[in-house]
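Each chain is listed here by its residues.
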Amino acid sequence: MSRHALRTRGRDDDTVQLYLGRRVGWAGSTVSTQIRVLTLRSLRTAFGDYRLVFFGLLQPVVMLLLFSQVFSGIGSLPGVVEYQGYINYLMPATLVNIAMTTAMSSGIGMLTEIYTGFIGRLRTMPISLFSVLVARTLSDAVRLAVQVVVAIAVAVAVLDFTPAGTGGVVAAVALTIVFGWGMGWVFVALATWQGKPETMQAISFIVMFPLMFASSAYMPVDAMPGWIKVVSTVNPVTYAIDAIRALCLGKPVGWALAAAIGLVAATATAGAVIAARNFRRTR
């Protein structure tokens, strides 16, 4: 055999050995790198289509305009009149509503990627499956931040929303993002549990609407019927809204902030554990 043939055969053997993993020196990327790459990929998808961006930003603004006009009469109720305008009472609840809607879209987006085969391709790669879930929730948290800032700007410019100060608004926005991120894990867990996008959407609305309307979002808890009042007092969304409302308007936060953070932490932990367990079993 010629020297050239021997050299060529040696290179072929090297290629085969590299392919079979016998001499591969690269052990895979770190989890932080995987999260960063997958998060940026989701953000490019979310902000790459100008129509998707436009309607995604328009949706919370339309909700805010609609609710502020339809329920404007509630501004004269005891417990609301002290806020000097229903928009001041409504705006913090709208932030939580945006967070809930974004959290719901986290689950729908995850299920869509499962159905389109993207998740199946990721399973063939040497990456942590949990990083896929984390990237999904982080990218939606960034999208939520943009929507919240736009909604506040519109409320201030058009609807005469008067927050107490910049520091309080920044804290309220941060709490909204944390709340939406925590609730996102709930809907991601739902997406890894059941199998059809239609079922996912139906379950999401069943979860979302009772949580929002049986809370202090649109009227004071004391003005509600007896049984709804009981539900509102144990509803975690109520504590998040009360804390964000107090931060925005410079009112005493009390223990609502600690309760909201504690409930978000518990919810995110439970959702992450369930989602990770179900995700490993999903094929």
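Coordinates for the structure precede this section.
For the structure given in this document, a descriptive report is provided here. (Residues numbered from 1 in each chain as written. Predicted model: local features only at pLDDT ≥ 70, side-chain atom pairs only at ≥ 80, totals over all residues. Heavy atoms only, no water.)

This next bit is on the nonpolar core. Within the largest apolar cluster, 73 residues are counted, with the highest numbers of intra-cluster contacts made by Met 91, Val 96, Met 110, Ile 119, Leu 133, Phe 179 and Met 212. With 16 residues, helix H4 (residues 86-116) is the single largest residue contributor to this core. Setting aside chain neighbours within four positions, we find Phe 179 in contact with Val 96, Ala 99, Met 100, Val 237, Ala 240 and Val 264. (Core = buried A, V, L, I, M, F, W, Y, C linked by side-chain atoms within 4.5 Å. Buried < 20%, exposed > 50% of the residue type's maximum accessible area, 1.4 Å probe, protein only. Helix = DSSP H or I, 4+ residues; strand = E, 2+ residues; numbered from the N terminus. Contact = heavy atoms within 4.5 Å.)

The next point concerns helix H2 (residues 31-47). The end-to-end C-alpha distance of H2, which contains 17 residues, comes to 24 Å, matching closely the 24 Å that a straight helix rising 1.5 Å per residue would cover. Within H2, burial applies to Gln 34, Ile 35, Leu 38, Thr 39, Ser 42, Leu 43 and Ala 46. Projected down its long axis, H2 shows its buried positions confined to an angular sector of 160°, all on one face. Elements in contact with the buried residues of H2: helix H3 (50-70), H4, helix H5 (118-123) and helix H6 (129-158). (Expected span 1.5 Å × (residues − 1). Arc of directions from axis to C-beta.)

On to the packing of aromatic side chains, then. Scanning the entire structure with this criterion turns up ten aromatic pairs. Here the aromatic rings of Phe 54 and Phe 55 are separated by 5.1 Å at their centres, their planes lie at 75°, and the arrangement is edge-to-face. Classification of Phe 54 by relative accessible area gives partly exposed; the value is 49%. On the accessibility criterion, Phe 55 (52% relative accessible area) is exposed. Ring geometry for Trp 181 against Trp 185: centres 6.3 Å apart, planes inclined by 90°, an arrangement best described as edge-to-face. Of this pair, Trp 181 and Trp 185 are both found in helix H7 (residues 166-193), four residues apart, which corresponds to roughly one turn of the helix. Relative accessible area serves as the criterion here: at 30%, Trp 181 is assigned to the partly exposed category. Its relative accessible area of 2% is what places Trp 185 among the buried residues. (Phe/Tyr/Trp six-rings, centres within 6.5 Å; stacked < 30°, edge-to-face > 60°.)

These results come straight from atomic positions and should not be treated as a statement about function.
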